[in-house]
Amino acid sequence: MEREPLVDGHGRRIADLRVSVTDRCNFRCQYCMPAEGLQWVSREEVLSFEEIERIVSLLVQMGIEDVRLTGGEPLVRREFPRLVSMLAAIDGLGDLSLTTNGYLLERDAGALAAAGIDRLNVSIDSLQRDRFFQMTRRDALPQVLRGLEAAARQPGLRPVKVNVVAIRGFTESEAIPFAEFARERGFEVRFIEFMPLDGDSAWTADQVLPGEELRAIINAVYPIEELPREPSATARVFRFADSARGESAAGGQIGFIDPVSEPFCADCNRIRLTADGRLRTCLFSLHETDLRGPMRAGAPDDELELLVREAVWRKELKHRVGEEGFRRPARSMSAIGG
Ligand code: SAM
Ligand code: SF4
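The subject of this paragraph is the site of ligand 1. Close to ligand 1 lie 19 residues; Tyr31, Gly72, Ser123, Val165 and Met195 are nearest. Separating an oxygen atom of ligand 1 from a side-chain N or O atom of serine 123 is a distance of 2.6 Å. Methionine 195 places a polar main-chain atom, nitrogen or oxygen, 2.9 Å from a nitrogen atom of ligand 1. Expressed as a share of its isolated accessible area of 550 Å², the protein-covered part of ligand 1 is 95%. Elements with a contribution of two residues or more to the shell around ligand 1: β3 (95-100), β5 (160-166) and β6 (188-193). Counted by class, the shell around ligand 1 contains seven nonpolar, nine polar and three charged residues.

This is the structure in structure tokens:
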């Protein structure tokens, strides 16, 4: 069944949905979660697989084309590949992707590809074991790299991307090793500017390492050239100039997601569903729309559609990070679903 496309009050057509399948995580990244964890959402409050499937199906009927599964750490959710196969079977869904910390990927990569994940991003902030531990509070780099390689061995999971949160004073020295990693392994390594969504509320503007600086560090050693930007893409993507000229076999790409220094809100086409069934129209939304309550009270699809449409109509024009009066949302990244 097809429904009217989802359009917000600023004329943006909404086509991308991020679904958080759990707020729990086996890591405690400095920029995301406090060392002691957070107050987890109780099991009854978390959407069941059937509830997630119902909402995603409805949103696909309203023009959502791409769905990314995230968290928390999606792979800690029990029987997660079963949810993937349920969503992959939804008629009209164009692309089903996953963001993971990779810790359980060695175990799950085959099952995820078989269940219908099209591509995935693995988050890795350092290629040095001690620095990885410092950032994630887990001594897990070898395990994560094995997971990444397990994913890369699955022909159905392409492209494999690596997400690196860029933090001033930490990531500058990681830029060249990650560029070499991208060249050698053919991955797209994407640097993401640190946003004020950390669980410790310790973010300050001077910890943001702008993409521009990382671009300059990499370009000085391995010249890069920008590729045309896809509409509504969050990343500016570059390839290596020597591989473009055929002078080197080096593959790989480098992406920069710069929401703080170069916001890309103008053509944002994304909405988010939290693990406890709230619809969020911006990472930085101060307001959420509960879909779980009405759904469990027996609301038919037409009623849920109306709730979604009203929420999307009020989608924020832009985030206000860096502006006077900016207020952080109550939830931090792991509880929103990054
Ligand atoms: N646990 C999975 C992972 O780490 O890939 C999925 C969820 S995580 C919240 C999604 C992405 O958000 C990760 O790439 C992570 O590095 C990024 N992230 C978390 N907190 C962030 C912050 N404060 N600023 C920028 N990116 C952040
Ligand atoms: Fe967990 Fe991902 Fe947040 Fe790290 S970034 S604490 S892996 S949810």
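That shown, we press on.
It is worth spelling out the sheet that holds strand β9 (residues 253-257) at this point. With mixed pairing, 12 strands are arranged side by side in an open sheet as β7-β8-β9-β6-β5-β4-β3-β2-β1-β10-β11-β12. Every interior strand has two partners, whereas the edge strands, β7 (224-226) and β12 (289-290), have only one. Of the strand pairs in this sheet, β7 and strand β8 (residues 235-240) are connected by three bridges, and their pairing is antiparallel. Counterpart to glutamate 226 in the pairing with β8 is phenylalanine 238.

Turning to the pattern of salt bridges, a few remarks are in order. Scanning the model with the defined rule gives 34 salt bridges in all. Two residues, aspartate 8 and arginine 12, come together in a salt bridge whose shortest N-O distance is 2.7 Å. For the pair formed by aspartate 8 and arginine 12, the shared burial category is buried. Between arginine 278 and aspartate 290 there is a salt bridge, with its nearest N and O atoms 3.9 Å apart.

Here helix α1 (residues 49-61) spans 18 Å end to end across 13 residues, near enough to the 18 Å set by a 1.5 Å rise per residue. Among the 13 residues in α1, 10 count as buried, and that is most of the element. Of all the positions in α1, only Phe49, Glu51, Ile52, Ile55, Val56, Ser57, Leu58, Leu59, Val60 and Gln61 are classed as buried. Residues of α1 that are buried sit in contact with β1 (16-20), β2 (66-70), α2 (80-88), β10 (270-273), α9 (292-296) and α10 (301-313). Directly after α1, the chain includes glycine 63, whose backbone phi takes a positive value near 105 degrees.

Turning our eyes to something else, we now look at the packing of aromatic side chains. A full pass over the atoms with the stated rule returns eight aromatic pairs. Seen from their ring centres, tyrosine 222 and phenylalanine 240 are 6.3 Å apart, and the 85 degrees between their planes marks the pair as edge-to-face. Here tyrosine 222 is found in the loop between α7 (211-221) and β7, whereas its partner phenylalanine 240 is found in strand β8, with 18 residues between them in sequence. Ring centres 5.5 Å apart and planes at 85 degrees place the aromatic pair phenylalanine 238 and phenylalanine 256 in the edge-to-face group. Taken as a pair, phenylalanine 238 in strand β8 and phenylalanine 256 in strand β9 lie far apart in primary sequence, 18 residues in all. Here phenylalanine 238 and phenylalanine 256 have matching classes, each one buried. Members of the aromatic cluster, connected to one another through ring pairs, are Phe178, Phe191, Phe238 and Phe256. The ring of phenylalanine 256 has arginine 215 sitting right over it, with the charged end atom 4.9 Å from the ring centre.

For the second largest pocket, the calculated volume is near 370 Å³. What lines the second largest pocket is a set of 16 residues, and nearest its centre among them are Arg43, Val46, Phe49, Arg77 and Arg78. Looking at the lining of the second largest pocket residue by residue, the class counts come to six nonpolar, two polar and eight charged.

Turning our eyes to something else, we now look at the environment of phenylalanine 27. Within the secondary structure, phenylalanine 27 is located in the loop between β1 and α1. Phenylalanine 27 sits in the buried class, given a relative accessible area of 3%. Between the alpha carbons of phenylalanine 27 and valine 260 there is a distance of 25 Å; along the sequence they are 233 residues apart. Beyond its immediate stretch of four places on either side in the chain, phenylalanine 27 contacts Met33, Asn101, Tyr103, Phe132, Thr136, Arg138, Ala140 and Val144.

Here we take up the pairing of strand β4 (residues 119-123). Most of β4 is tucked away: four of the five residues are buried. Alignment of β3 against β4, held across four bridges, turns out to be parallel. Bridging from a neighbouring strand, serine 97 pairs with arginine 119 of β4. Taken together, β3, helix α3 (residues 105-115) and β4 constitute a β-α-β crossover, and its handedness is right-handed. Sheet topology places β4 next to β5; four bridges connect them, and they run parallel. The residue of β5 that forms the bridge with asparagine 121 is lysine 161.

Conventions adopted
Residues numbered from 1 in each chain as written. Chains lettered and ligands numbered in written order. Predicted model: local features only at pLDDT ≥ 70, side-chain atom pairs only at ≥ 80, totals over all residues. Heavy atoms only, no water. Near = heavy atom within 4 Å. Polar contact = N/O pair within 3.5 Å; in protein donor to acceptor, adjacent residues only side chain to side chain. Areas by Shrake-Rupley, 256 points an atom, 1.4 Å probe, with all protein chains shown as cover. Helix = DSSP H or I, 4+ residues; strand = E, 2+ residues; numbered from the N terminus. Nonpolar A, V, L, I, M, F, W, Y, C, P; charged D, E, K, R; others polar. Pairing = 2+ DSSP bridges. Salt bridge = Lys/Arg side-chain N within 4 Å of Asp/Glu carboxyl O. Buried < 20%, exposed > 50% of the residue type's maximum accessible area, 1.4 Å probe, protein only. Expected span 1.5 Å × (residues − 1). Contact = heavy atoms within 4.5 Å. Phe/Tyr/Trp six-rings, centres within 6.5 Å; stacked < 30°, edge-to-face > 60°. Lys NZ or Arg CZ within 6 Å of the ring centre and 35° of its normal. 1 Å grid on protein atoms, 1.4 Å probe; cavity = no way out; pocket = protein on both sides within 12 Å on 5 of 7 lines; lining within 4 Å. Points joined across faces, edges and corners; volume = space filled by probe spheres on them. Right-handed = clockwise from strand over helix to strand, strands pointing away.

Shape descriptors only; they carry no functional weight alone.
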